[in-house]
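# Per-entry structural report
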Amino acid sequence: MVAAPAQADSLLDLLQSARSYDAVYLAAKAQADSVQYRVEQAYALRRPSVGLQGAVTRSHLDSSVPPSSLTAALGQRTNNSNYTSRRVAVQVRQSLYNGQDAAQIEQAERSLEVAMTDLETAESDLIVRVTQAYFDVLAAQDVLATTQANKKALAEQLAAARRSFEVGNATITDTREAQARHDLASAQEIAATNDLEVKRIALDQLVGRTNVQPDPLATPASLESLGTGTVDEWVEHSARAPLVRKAQLGLEVARLEIDKARAGHLPAVAATASVAQTEVDAASSFVRTSMGAGTSATMGVEVNVPLFAGFATQNRVKEALALQERSERDLDNARRSVSLATRQAYTGVMSGLAQVKAYEAAEASAKLALEATQLGYRVGVRINKDVLDAQTALANTQKDLYKARYDVIVGSVRLRQAAGTLQTEALADLNRQLFPTGAPAPR
């Protein structure tokens, strides 16, 4: 029975698999989800609180009395009394004004926005990791295919050298040189096979699947669209990068911390209400009585005015002002770092595109040089070593070309990550450009 060929997987398919499997991304998602409940906890500060209280109290009073003729006659010296009280109350409290609570609520809302930016960062990082692992496998496949083709060509040259030696048209040196190159190609094939296996395991581990077969790069590859826009346009986009937005939110939280600290000088106002049911029983040495039960209801407004806290509030304000300045510097650093990373990524993409064009020209030249050298060898104007050198040069040029292509693709994704524009939609566009339906496999 012949096994069915494995179905190729697109970049988007593997990204969706990684979203439901990658532990780093899922941990970031769980962290973002937890912050939503922290915000709800902060909202509780402006909602009413209701409490139920119950108490049972047992009191004993031992009161000594001066002796009298009557008590002496009765043998009674003391008066013992016991009291039992039972109380059940419902209390309601509603904050009317509290500056510290208001600032804390706003800080919690900003923390949710920070969590969303962290999740966005984690998602873009996942996209980059999947893209890198995806094209690492394709690059390893190309290296192996090139190595095998080079080994096959060297084997043919080795066979030709042996025939020439047998008929006396070449020396043993030609055969030994060809054998050495062939043995080196065999070693390179083993290394390339091992590297491909390692890259496949890494991709499988990332997406939680086995025997992943990435879609091949369409040929001829069209990479010019990956370098659209100017560096200034990309830097302008980076102003809304997650790292910058997180620093901006950190500055807002620092400013709210100042408001929160200054609110320590302000009064806090709350409305209170309670309803209580109380029952008291009393018993003495002479008689047991019930003092009955009663219901009380209260309602009022409570105002707390801070007067002096040992300069703690003033020092909290000074601390918050210093932390605000630190947040401002962090924002400046974030903007500069993102701008620098964007410029470096853009330069890398443009340089990579230029290298691809140069390697494509070099590959064409290397093929022509190999053909000319082979022809010269057959007519006796070139030696065996010239053919071996030309074949090796072609193989090395092809390896460099394939690597440069994949580096440009991954570099374009990293450029979008640095500029803060890396979304699934952008990856879908890349996927359509690189893997059109029915595209032939490279080489």
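Along each chain, the written sequence defines residue order, and numbers are assigned to residues from 1. Note on the predicted model: pLDDT of at least 70 is required for a residue's local features to be given, and 80 or more for side-chain atom pairs to be given and counted; whole-chain, interface and lining totals, by contrast, use all residues. Derived side-chain values reflect all non-hydrogen atoms in the structure, with water molecules and hydrogen atoms excluded from consideration.

### What to know about the pattern of salt bridges
- A carboxyl oxygen of Asp or Glu within 4 Å of a side-chain nitrogen of Lys or Arg is what we treat as a salt bridge. Counted under the stated rule, the structure contains 19 salt bridges.
- Close ionic contact of D33 with K29 constitutes a salt bridge, the shortest N to O distance being 3.7 Å. Of this pair, D33 and K29 both sit in helix α2 (residues 23-43), four residues apart, roughly one helical turn.
- Of the charged contacts in the structure, one is a salt bridge between D332 and R329, with a shortest N-O distance of 3.3 Å. With D332 and R329 both in helix α8 (residues 312-379), this residue pair falls three residues apart, about one helical turn.
- Under the relative-accessibility criterion, D332 is labelled partly exposed at 23%.
- Three or more residues joined by partner-sharing salt bridges are found here, namely D22, D125 and R129. A run of H or I in DSSP counts as a helix once it spans at least four residues, and a run of E counts as a strand once it spans at least two, with each numbered from the N terminus. Remark: exposure states derive from per-residue accessible area (1.4 Å probe, protein chains only) relative to the maximum for the residue type, with buried under 20%, exposed over 50%, and partly exposed in between.

### Some points on the confidence of the model for the protein chain
- Confidence scores here are pLDDT values: one per residue, from the predictor, ranging 0 to 100. Confidence along the protein chain averages 84 in pLDDT terms, with 88% of residues attaining 70 or more.
- Overall, residues 437-443 carries pLDDT values under 50, and its contacts beyond four positions in sequence, including any with other chains, amount to 15 contacts. Whether two residues are in contact is decided by their heavy atoms: any pair within 4.5 Å suffices.

### As for the layout of surface pockets
- Only protein atoms enter the calculation, which uses a 1 Å grid: trapped sets of points that fit a 1.4 Å probe without letting it out are cavities, open sets showing protein on both sides within 12 Å along at least five of seven lines are pockets, and any residue with an atom within 4 Å of a point is a lining residue. Grid points are joined across faces, edges and corners, and a volume is the space filled by probe spheres set on the points. Estimated volume of the largest pocket: approximately 290 Å³.
- As for the largest pocket, its lining consists of 18 residues, of which T121, S124, P242, L243 and Q417 are closest to the centre.
- Ranked by the residues each element gives to the lining of the largest pocket, the list is headed by helix α4 (residues 99-166), at four residues.
- Of the residues that constitute the lining of the largest pocket, the class distribution is seven nonpolar, seven polar and four charged. Gly falls in the polar group here, along with every residue not listed as nonpolar (Ala, Val, Leu, Ile, Met, Phe, Trp, Tyr, Cys, Pro) or charged (Asp, Glu, Lys, Arg).

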